[in-house]
Amino acid sequence: MAQEAHEEHGDGFEPRILVFACNWCSYAGADLAGVSRLQMPASCRVIRVMCSARVRPEFVIAALSKGLDGVLVLGCHPGECHYSEGNYFTRRRGLFLKQLLEYVGIEPERFQVRWVSASEGAKFADTVEEVTEQIKALGPNRPRAHS
Amino acid sequence: MPKTRVGVFVCHCGNNIGGVVRVPEVVEFARTLPNVVYAEDNLYTCSEEGLSSIKSQIGEQNLNRVVVASCTPRTHEPLFKEACEEAGLNRYLFEFVNIREHCSWVHAHEPAKATEKAKELVKMGVAKACYLEPQEEFESEVFPAALVIGGGISGMTAALSLAGQGVDVHLVERERELGGLIRRVRTLFPTEQDTAEVLGPLIERVEKHPQITTYLGSEVESVEGFIGDFDVTVASDGAASELKVGTIIVATGAQELKPLELYGYSQLPNVVTQLDFEEKFKRDAEIPRNVVMINCVGARIPERTYCGRFCCTTAIKNAIWLKEQDPDGSVYVLHRDVMAYGVDIEEFYRRAMELGVRFLRYDIDDPPQILGEERAEAVRVQHQLMGREVVLPADLVILTTPLVAQEGSEKVSKMLKVPLGSEGFFLEAHLKLRPVEFSTDGIFVCGSARYPSNISESVSQAYATAAKAAIPIEDGFVRVEAITAYCDERSCSACGNCVEVCPFGAIELQEGRFGTTAHVNVAQCKGCGCCVAACPSGSMQQRGFDDRQLLSMISALAEEMTGGAGSP
Amino acid sequence: MERKKIRKSDLGLWLDRIAEEYELIGPTEEEGVIGFEPVDTSAALKLDYTNSLIPPKSLFFPPAESLFSFRKRGREIELEETKPMERDRVVFGIRNCDVSSLSLLDAVFGEDLEDAYYLERRARTALIALACPTPPRSSCFCTTFDIDPLSPEGSDILLTDVGDVYLVDVTTERGEGLVALSGDLFSPLSADEAQELQPPPVQMRKLDVSELRERIEALWEDEYWEKLSLPCLGCGICTYVCPTCHCFDMVDVGSTSDGARYRCWDSCMYSDFALMASGENPRATKAERVRNRYFHKFSTFPSRYGTGYACVGCARCLVHCPAGTEITQVIEDILAKEEVSE
Amino acid sequence: MQERLHEIVRKLLAEGAIEYFIGYGQGFEPHDVAPCFVAQEDEVEKLVWGPLCAHNLSKYALRAKELDGKVGLLVKGCDARAIVELVKQHQIERDEIVVVGVPCQGQVDLRKLEEVLGLPLEVVKGVEDVGDDFLVTVGEEKRKVPKEQVLRDKCFYCKHPNSFEYDFTLGDVMPFSIDADKGEFALVEELEQLSLEERRAFWQKQFARCIRCNACREVCYACYCKECIFDSLAPRWIEKPPLLGENEIYHLIRALHLAGRCIDCGECERVCPMNIPLGLLFKKVQKDIAELFDYEAGMDLDQVPPLIDFKLDDQDPFM
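Here the structure is a predicted model, which means the values were calculated and not measured.

Colleague: In this structure, what is going on with the state of the cysteines? I would like to understand it.
Modeller: The term disulfide refers to a covalent linkage connecting the sulfur atoms of a pair of cysteines. For the structure on display, the rule yields one disulfide over all chains. Just so you know, cysteine 103 of chain B is unpaired, no disulfide at all, and the nearest cysteine sulfur is the one on cysteine 44 of chain A, 12 Å from it. Given a relative accessible area of 0%, cysteine 103 of chain B falls into the buried group.

Next up, the structure:
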C-alpha cells in the first residue's frame, strides 16, 4: 500500500523513521509543530516515552536490525530534563551506541539523538526534514537476509 | 486470562483529521489488526457523542482495551481515560494514537502518505494496547502551602485568594515594594481612578494577611521536587530561606518595550513612552500644549508580531487625561488600527473623540517622521483619508509600545522546567483547554507573564490560578500516575545499575524472597524509566511503558517493511 | 561388486562432472572452520581435513529451516510450504562416523513418525564417503561403537586414499550412476594391485562399552553428575557439534500477520530447554541436564529406537568443549564406578 | 610455582578453609588444559600451571553463591579484573572466595601455534615458558618458538602480569618486554580504517556464521543474569533460529551489555567454535569506553560504570 502513496506523488523511497520523544519536551515540541501546521515529510513514527532515558539502546539495535531505515531519539536539552538527569544518560548511551553501530557498518545517520524543547516546534520539523533527507540519500536500510 | 478485545475509535476531528487522512480507510485497516474486535470513526471522538459511543461499545463489544486515534495525549488523554473508567474499564487499558498534531496537520498536502502513516500509527497503538495491564494509582501527600512568584496585581490577587481559602502563601517579589509594573502608572482605564486607590488597599491587605509571608527584594533561587512536595530556596539580601510548598504560581509579569533608536527615543528629550509619560508628566511636570502619540511602536512588526492588546487603550486614556487637563491643547493619536474592544473601552474611545482627540491612521510602510534636531518640533505623517501629508506641531511625542517578556523569564523557565513561547512569554499546556496551567502538574501562570494582560484580565487569571492551585492542597493528596517502575525479583540479579541511575534515589537493593534484588519505592518514583533502560536483564520495567509494549510497537512498524521477519 | 580405482589427479574431473548434474556438497574451509558446503567446482573443496566442525547432519536436518510461511491479507491467511530442496545432491567426503550417525537419525525422523523434510533430503542425496586418513585424530574413538572407518557400509560410494589413487567401492545403483558419469576415469584393479593397494589398518583407542547401558542406568542417583557438571558452562556446543543430537524447537518467526514457522536446533544443555509454560522445570539444575544428555546417549535412545548407543565416537564434543569435558572420560568413569561398587 | 600452588591448596583444603579449589588441570590431549575442580587433598597434584592456562576462572567464582563455604580460585593478573567487577556488581562478596594470584608472562594462542608449527595440535606434547620464547615439545624434539609469534593478542599489551587482587600469591614477575609494534587497539583501528561498506560486509559475514550455541555468553564472567533477555519470551528480543538479523541483534546487544564490564579476558573468542573474531568487537567496546568516558573496567572498586554515570560536561554532538 505504501507504494500507492509513492506513485501518487511520483517520488521514490520514503524512509520509515522511528522517533522516540520524551513526553515533556520533545513530544510537546512535536505537538507544537502540528499546532503551527509546520509541514514535514511523512517519514516519522513517534513513540512517546516519559523521558529519553527510558529508551533502551537495545530498541535502536532491534529497530535497525529489523530493517527500519532510521531511529531518532529526542529529549530535553541538557539541564532541562523534567527528571533533572535523564537526558545525560541518553547522551552517554547515544555517544557509545553511535560508534558501535558505525563500527559494524550501520551508517551513523540512521541513528541520531537530538534535543528538542517544548517550544521548538520549528526545530522538530527541521530535524525531521533534515534526518529524512540524510536517510533518503542513503537509501533503504539493507533488509536483513534471513539465510 | 480473558481474550484480548481491542476497540479502535478513529476521530475525524471535523476536518482537522478527516480533511487529510482517509479515516474510513484507517478504520477498515484497524479491523484487520490482531485482537481488534471493533472499530469505528467519529466526527469528534471527544464530543459527548463520541465518548458515549466508547462507553457503550465497551459494554456491547465487551472491549478490554480501547485505542483512540485522534489528537495529542497531552491534552485529551484524561478525558478518554475517564470515559473508559465510567464504563468500568481500568483507565490504564487505554492507548492514545496521535494522528492530528503528528499526522494530518503536518502532512496536509499528502493525503495518501498521511493515511498510510495514520494506519501504521494505529497498528503500533493496537500492538501496544494488547500488552497494557490494569493499574492502581498511588496517592502522595500535598504540603499545604503555595508559592507565588511576583508581587504585582496578579501575584497579590492570587496570594490573597489562596490565603482567603486558608492556604499558607509565600509571596516573593524581586523589587523592594509590592505592586509591580502598575505601581508606575498613575491612573487606570477605563475608570480613570488613581492607581493608588486600587493598589494601596490591595498591598495593605497582602501585608496584613496572617497567612501570607512576603519576601521583598528577593528572588527564587532554586526549585526541586514535584507537585505536593516542592523544595524552594528564596534568596533575600544574601540570606536564603528554605520553603516547602505543594503548588506554585508564576506571576512574574512583563515589562514595557523601550523603543531605543525608534522615533528618536532616547536621543530627543521630548520623545517618551506611555510609561515615561505616566511617571513624569502625569505627576507634577507642566502639561505640554501639543501632544502627538504614535501607537504600535515596536509591535505587529516582523520581529515582534503580536499586538500589545491594551496599548491603544492606554493611549486613549492618556489622551483623555490630557484633554481634561487642557481642553485647548491638541492631542493626536497616530495609529495602525485602534484596538478598543469591549463595551466600556469602546465607550472610552468615543469619549476621547468627543473631547477632540484626533485619531489618524498611518501606514506602516510610510511611518510618521519626527521633525527637529535638538528636540522634537513636529511630526510629519501621511494622512490616509485626505491622501496627503500633514505636519503636526509637537511639544511632546508619546510612543505607545507593547509589553515584552519579563527579564529573567529564562531563569524561571529552566528552574521550574516549564516552557517559554517564541515571544519569551510563558507557554501554558493548552491555549483553550488548559489555560493558566503548565503541563507540569502543580505549577500555574497568570497575568502578563503569560501574555500582555490588563488589570481585569490579570485579576481573573489570578483567581483562576488560585482556584487551581488550591485544589490539590484542599484534597490533601495527589494521585501519582501509575507509570512507576517495578522490579521482577525472580529474574533480578542485583547488579545495581538501576540504583545508580535513579535520579530520585527511589531504588535500593534489599534481601527478599528471591535473595538480594532491587526494590522500588513507589512514593519516590517519578516514572522516568531511566532504570528500565539501564537494566541488562529486563527485570526492571515501567508500568505503561514496559519493554513488551514498546518493542511490540517497533515490531509492528518493522513488519511493514520486512514483509514479516519470516520471509525465508 | 568389484573394486575400481581412480587417479587422484582425475578426482577433480569426476567431481566437476557430478557438479554439472547435481548440487555438489563437500568439505570447505572458511575462517579456519571446516564445514560441508555446496560448491560449483571441485577446486573449492578442501581435501586434507580430518572432519568438519558442524557434522553433515546439518545437510538433512538444518540448524534452522522454514517449514512454511504465512501471510495475513485482510482477513485471509495465505500458507506457503517451503520446498526442502531444489536439485538432487551429492555429498562428497563424508566420514564413516557421520555416515553411521545418519542411520541413527533415520530412526528418529523416519520410523513411526515420518518427517517429510528430512526424508526427502535423505532420499535425494547421494553419499560419497572418504575413508579416514591414517592415523586418525588422536581423539577419535569410533571403533568403540563398532564403526569401521574403512567400510563402504551406509554410503553409495567409498573412496580410500592409497597414495596416487583412490580405491573405489560402489555399493548402490545410485553409486554406479555417479561413476558412470565419467566411467572412463575409473579402471578395475589388477590382481597385484588388489594385493598391494590396501589401506593400512586403522589404529585408535577402543573402549569396551558392552555394559555401558546397564552401568549408567545404575548411576541415576549418583553424585557423580554433580561433580561432572561443576566446570560445565551450560553452552550448547557439545550438542550442536554432535552428529547424533537432534533436539529441535519449533518457533514462529515474524508476526501473527506475516511470518514463517521454523524448526531450529535446540540444546538440552540450555537451562530453559525443559522449562514449561507453568514455570515448572524438570531439569532445573546443571547436574540434571548433564546427566540427561549422557543418559539419552547411552540408555534412553537405544531403548527408544532399539539401536546402538547414540554416539559415533567422532569426539567433536570432546575437542570443542570450552570446559574440557571429555565424553571418553565420562564413559570410563561410568564403567569404572560400577566396578568399584561391585 | 606449581609446587607452591599445590602447597597452598593442600593447606586450604586441610584447614577446611574452602569447599573446593578451581584451577587448571591436564586436558584430554597434552596441549589442552581444562578447568580443574579439586575437593580432596589427594587430588591436588592434578593442578597444573603454564602458558596454556588461558581460561578465565573468575567465571567460576559465581559458584560460591551456591555453597555454604568458600571456593578457592587461581587468578591471573588479567582475570583479577573480573573479580573486582563481580564484587562491584554485587555478584560475590569478596570474602566468599579465596584468591590465589599467579604471575603470568603470556598465554599461548593455540590457533596461532598450530599455524606456526604447520602441524596438528595433537602432536604438541607440552609448552613451557622460557622468558621471551616458548619451549614447545613436538613429538620427541623441543622447539623454541618466539613469543611474538604465538602469544594471545591480549598478552602483547599485558598490563597486569601479576594478580593485583589476591589472598595468596605465587610470586611476582616483571612484565616481559615484547615490542608488539602495535598498540592495544591496533586491530580495531585497522578495521576502523575500512570503509563503512567493507566493515558491514565483514561483520555481516561473521554474524551470518554464528550458530548461536551461546558459548560466548555462557563463558563470559559478566553474563551472570538469572534470566538473560535473550531467553525471555515476552518481550522476545530475538527469535531462536540463528538467522542473520537475529544474530546481529544478539551480538550487538551483548556488546552493549558488556560496555564498561568487558575486562578483555578474551574467553568469548577463545571458545567460539565458529572462530568468530569476537575479540575485535569487544576490543572496540573497550576502546570507545576508554576514549569517550576515560573508564577501564575492573580497575577500581569505587569507579562508577560509564553508562550508568555522567558528567555535566560530557561531549555533546546532539545539539
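Colleague: Even after reading the chapter, I still don't get the interface of chain B and chain A, so can you show me in this structure?
Modeller: The figure often quoted for interface size is the accessible area lost as the parts come together. With 64 residues of chain B at the contact, the number on the chain A side is 58 residues. Three residues stand out in chain B for area buried against chain A, namely Arg74, Lys113 and Ile554 of chain B, and they jointly supply 13% of the buried area on that side. For the pair chain B and chain A, the interface holds eight salt bridges. When the shortest N-O distance is used, the salt bridge between glutamate 14 of chain A and lysine 113 of chain B registers 2.7 Å. The tally of links from chain B across to chain A stands at 21 residue pairs in polar contact (both at pLDDT 80 or more). Looking at the side of chain B that touches chain A, the elements that each hand over two or more residues are helix H3 (73-86), helix H4 (100-104), helix H5 (111-129), helix H14 (530-534), strand E28 (540-542) and helix H15 (547-562) of chain B. Looking at which element gives the most residues to the side of chain B that touches chain A, the answer is H15 of chain B, with 11 residues. Its residues assigned to classes, the side of chain B that touches chain A shows 33 nonpolar, 16 polar and 15 charged.

Colleague: Where do I start with the packing of aromatic side chains in this structure?
Modeller: What describes a pair of aromatic rings is the distance from one ring centre to the other and the angle between the planes of the rings. Under the defined criterion, the tally for this structure stands at 41 aromatic pairs over all chains. When the centroid spacing of 5.7 Å and the interplanar angle of 90° are considered together, the rings of phenylalanine 94 of chain B and phenylalanine 96 of chain B count as edge-to-face. When its relative accessible area of 3% is taken as the criterion, phenylalanine 94 of chain B is described as buried. Under the relative-accessibility criterion, phenylalanine 96 of chain B is labelled buried at 8%. Judged by centre distance (6.3 Å) and plane angle (20°), the ring pair of tryptophan 225 of chain C and tyrosine 294 of chain C falls under stacked. Taken together, the residues tryptophan 225 of chain C in helix H7 (residues 224-229) and tyrosine 294 of chain C in helix H9 (residues 286-305) connect sequence positions 69 residues apart. With a relative accessible area of 2%, tryptophan 225 of chain C lands in the buried category. Here tyrosine 294 of chain C falls in the buried class, since its relative accessible area comes to 7%. Aromatic rings pair up to connect Phe60, Phe61, Phe109, Tyr118, Tyr240, Phe248, Trp265 and Tyr270 of chain C into one cluster. Between the NZ or CZ atom of lysine 8 of chain C and the centre of the ring of tyrosine 166 of chain C, over which it lies, the distance is 5.7 Å. Taking the ring centre of phenylalanine 60 of chain C as reference, the NZ or CZ of arginine 89 of chain C above it sits at 5.4 Å.

Colleague: I tried to follow the confidence of the model for chain B on my own but got confused; where do I start?
Modeller: It should be kept in mind that the predicted coordinates are not to be read in detail where pLDDT is low. With 98% of its residues at a pLDDT of 70 or more, chain B has an overall mean of 93. For residues 562-568 of chain B, every residue scores under 50 in pLDDT, and the model assigns this stretch 19 contacts once sequence neighbours within four places are set aside.

Colleague: Can you walk me through the packing of helix H9 (residues 244-258) of chain D against helix H11 (residues 278-293) of chain D in this structure?
Modeller: To characterise two packed helices, one gives the angle between the axes of the helices and the distance between these axes. Residues and elements named next belong to chain D. In the contact formed by H9 and H11, the axes pass within 9 Å of each other and the chain directions differ by 40°. It follows from the interaxial angle that H9 and H11 lie oblique. Regarding H9 and H11, the two cross each other, and that crossing is right-handed. Mapping the contact onto sequence places His251, Arg254, Ala255 and Leu258 in H9 and Leu278, Leu281, Phe282 and Val285 in H11. Grouping the amino acids of the contact of H9 with H11 by side-chain chemistry returns six nonpolar, one polar and one charged.

What counts and what doesn't
Residues numbered from 1 in each chain as written. Chains lettered and ligands numbered in written order. Predicted model: local features only at pLDDT ≥ 70, side-chain atom pairs only at ≥ 80, totals over all residues. Heavy atoms only, no water. Disulfide = S-S within 2.5 Å. Buried < 20%, exposed > 50% of the residue type's maximum accessible area, 1.4 Å probe, protein only. Contact = heavy atoms within 4.5 Å. Buried area = accessible area lost by both parts, 1.4 Å probe. Salt bridge = Lys/Arg side-chain N within 4 Å of Asp/Glu carboxyl O. Polar contact = N/O pair within 3.5 Å; in protein donor to acceptor, adjacent residues only side chain to side chain. Helix = DSSP H or I, 4+ residues; strand = E, 2+ residues; numbered from the N terminus. Nonpolar A, V, L, I, M, F, W, Y, C, P; charged D, E, K, R; others polar. Phe/Tyr/Trp six-rings, centres within 6.5 Å; stacked < 30°, edge-to-face > 60°. Lys NZ or Arg CZ within 6 Å of the ring centre and 35° of its normal. pLDDT = per-residue confidence, 0-100. Axes fitted to C-alpha atoms, helices over the stretch in contact; angles between N-to-C directions. Parallel < 35°, antiparallel > 145°, perpendicular 65-115°, else oblique. Left-handed = near helix turned anticlockwise from the far one by under 90°.

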